[in-house]
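# Coordinate analysis (summary)
One-letter residues, chain by chain:
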Amino acid sequence: MNKRISGFSKLSKEEKINWVTSTYFSNNEEEATYILKKYWNQKQELQQLHDDFIENTVSNFYIPYGIAPNFVINDKDYAIPMAIEESSVVAAASLVAKFWGERGGFKAEVLSTQKVGQIHFIYKGDKEYLNEYFAEMLPKLHISVKDITKNMEKRGGGIIDIELRDKTSELDNYYQLHIIFETKDSMGANFINSCLEKIANTFKSEQIDIVMSILSNYLPNCIARAEVSCKVEDLAVDKPELFAQKFEQAVAIANADPHRATTHNKGIMNGIDAVVLATGNDFRAIEAGAHAYAAHSGTYKSLSHCEVKDGIFRFWIEIPLALGTIGGLTNLHPLAKFSLDLLQNPSARELMEIVAVAGLAQNFAALRALTTSGIQKGHMKMHLTNILNGLKANRDQVTYILNYFADKPVTHSEVVRVFEGLKGKQPKAD
Ligand code: MEV
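Residues numbered from 1 in each chain as written. Predicted model: local features only at pLDDT ≥ 70, side-chain atom pairs only at ≥ 80, totals over all residues. Heavy atoms only, no water.

### Focus on the packing of aromatic side chains
According to the stated counting rule, one finds 25 aromatic pairs in the structure shown. Arranged with centres 5.7 Å apart and planes meeting at 50°, the rings of Phe243 and Phe247 form a pair that is tilted. In this pair, Phe243 and Phe247 both sit in helix H8 (residues 240-256), 4 residues apart, roughly one turn of the helix. Taking 6.4 Å as the distance between ring centres and 75° as the angle between the ring planes, the aromatic pair formed by Phe313 and Phe364 counts as edge-to-face. Placement of the pair is Phe313 in strand E10 (residues 312-320) and Phe364 in helix H12 (residues 348-370), with a sequence separation of 51 residues. As far as burial versus exposure is concerned, Phe313 and Phe364 are alike and both buried. In textbook terms, an aromatic cluster arises when at least three aromatic residues are bridged by ring pairs, as seen for Phe99, Trp100, Phe243, Phe247, Phe313, Phe315 and Phe364. Here the guanidinium or amino end of Lys13 rests over the ring plane of Trp40, the centre of that ring lying 4.3 Å away. (Phe/Tyr/Trp six-rings, centres within 6.5 Å; stacked < 30°, edge-to-face > 60°. Helix = DSSP H or I, 4+ residues; strand = E, 2+ residues; numbered from the N terminus. Buried < 20%, exposed > 50% of the residue type's maximum accessible area, 1.4 Å probe, protein only. Lys NZ or Arg CZ within 6 Å of the ring centre and 35° of its normal.)

### Description of the layout of surface pockets
Empty space within the largest pocket amounts to approximately 1,200 Å³. Surrounding the largest pocket, 36 residues form its lining, Phe53, Leu277, Gly280, Leu329 and His333 being those nearest its centre. Elements that contribute at least two residues to the lining of the largest pocket include exactly helix H3 (44-53), helix H7 (189-203), helix H9 (258-278) and helix H11 (334-342). Its residues placed into classes, the lining of the largest pocket shows 19 nonpolar, 15 polar and 2 charged. Volume-wise, the second largest pocket comes out at about 630 Å³. In terms of lining residues, the second largest pocket is bounded by 29 residues, among which Ala92, Ala365, Ala366, Ala369 and Ile375 are the most central. Of all the secondary-structure elements, those providing two or more residues to the lining of the second largest pocket are helix H4 (89-101), H9, H12 and helix H13 (376-390). Tallying contributions element by element places H12 first for the lining of the second largest pocket, with 8 residues. The residue inventory of the lining of the second largest pocket, partitioned by class, reads 11 nonpolar, 12 polar and 6 charged. (1 Å grid on protein atoms, 1.4 Å probe; cavity = no way out; pocket = protein on both sides within 12 Å on 5 of 7 lines; lining within 4 Å. Points joined across faces, edges and corners; volume = space filled by probe spheres on them. Nonpolar A, V, L, I, M, F, W, Y, C, P; charged D, E, K, R; others polar.)

### Notes on the pairing of strand E6 (residues 174-182)
Along E6, 9 of the 9 residues are buried, which leaves the element largely enclosed by surrounding structure. Residues Tyr174, Gln176, His178, Ile180 and Glu182 point to one face of E6 and Tyr175, Leu177, Ile179 and Phe181 to the other, with burial holding for every one of them. In this structure, strand E4 (residues 115-123) lies alongside E6, joined through 8 bridges in antiparallel fashion. The partner of Lys115 across the bridge, within E6, is Phe181. The sheet contact formed by strand E5 (residues 158-166) and E6 spans 8 bridges and is antiparallel. (Pairing = 2+ DSSP bridges.)

### Considering the sheet that holds E4
If you trace the 4 strands from one edge of the open sheet to the other, you get E5-E6-E4-E7, paired in antiparallel fashion. Unpaired on one side and paired on the other, E5 and strand E7 (208-216) mark the two borders of the sheet. For this sheet, the mean inter-axis angle between neighbouring strands, taken without regard to orientation, is 20°. Across the sheet, helix H5 (residues 127-144) lies against E4, E5, E6 and E7, angled at about 170° from E5, the strand it touches most. Contacting E4, E5, E6 and E7, H7 runs over the sheet at an angle of about 165° to E7. (Axes fitted to C-alpha atoms, helices over the stretch in contact; angles between N-to-C directions. Contact = heavy atoms within 4.5 Å.)

### Here's the deal with the domain arrangement of the chain
Per the domain assignment, the segments making up the chain are domain 1 (8-51), domain 2 (65-108 + 225-372), domain 3 (115-216) and domain 4 (377-422). With centres defined by C-alpha atoms, the gap from domain 1 to domain 2 works out at 38 Å. (Domains from an automatic or database assignment.)

This is how it looks when you write it as structure tokens:
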């Protein structure tokens, strides 16, 4: 029997669940239905809001929403919201916030905010004629989108430039209109795509065959920068010079080797994605753009940089961050709105700074652990409760085992051994 269906989206939510559970959980329909419904929100209107975000919603997928307090950015205090399932990320952010808060805090700035949209087309005719046609059409292209751009222009945004690009050396007969936008406090995806489709419609001709019109997530001119620095001696670890040297080497290694750079940047994205998600922004767009930027030299490299010079330790990041604080889910999702309120309602530029800081903080935490005690010590301590939940340990067992491992290294097998040893015994906390 095949497991396919047509018209799934037209079924009611109840009918969708019935179909899914009877088709894929025929031995355990009741339990499967129970799990899906257990995560429904009791408040009908809130559930309806989530149902409406996407097609075919049957439940909600929770991930933890945590707060990393004590961030000082450009001399202003922040408690940063993070939506993430990985055990150690919020703890690491909080530790690093406190560490750098005591050393002058983070300095952050936005270097540029330009967004890009492209109209890709095929043209087989004379290049001279295409250039002339483009010059003649340019004012008309601007006029064609006036009804869409007028509100954005009132906010100081709009279309900055429209350029004809000859891409025929990369692909036969391929050209594009490369368009630069300023979208102020919105991420601007819908605005950009609507403009592009209108411009493409105006620009097309018998000879100009439009293939597609879409924004680009590669935004090397929409960059935030965050930095920390202090005297090497103030790094306040056992041997500060050695620490600074190893830390610098760790960043240099990420610059020299794409395997390491990928993991290094993954650690940065732990911090970035968590804030991007918590503020209702599009973390896939940010991920794609960050990794493309990491490869902009032609080789995939570290997004962060470190320099130890004249007794000063400097560590910084430059990363493209196309973020919004209005539009999209930012004001629609109640927790995204809460996050922005918690961040004291930042502009898009300020949010770019905060997110860059979250990435740098996470990278600092990872490299500090990796170059000193190793990553597993802290990571496994945080993961211990997940292991105990997986073993279905009761409250007393959890208390006993947390105490037991307070001064011992945590490994999965060791936790299982201690847990098994407790079976049939009444655990006593040390
Ligand atoms: C784990 O999620 C992230 C790290 O692997 C990052 C790194 O290696 O720099 C710890």
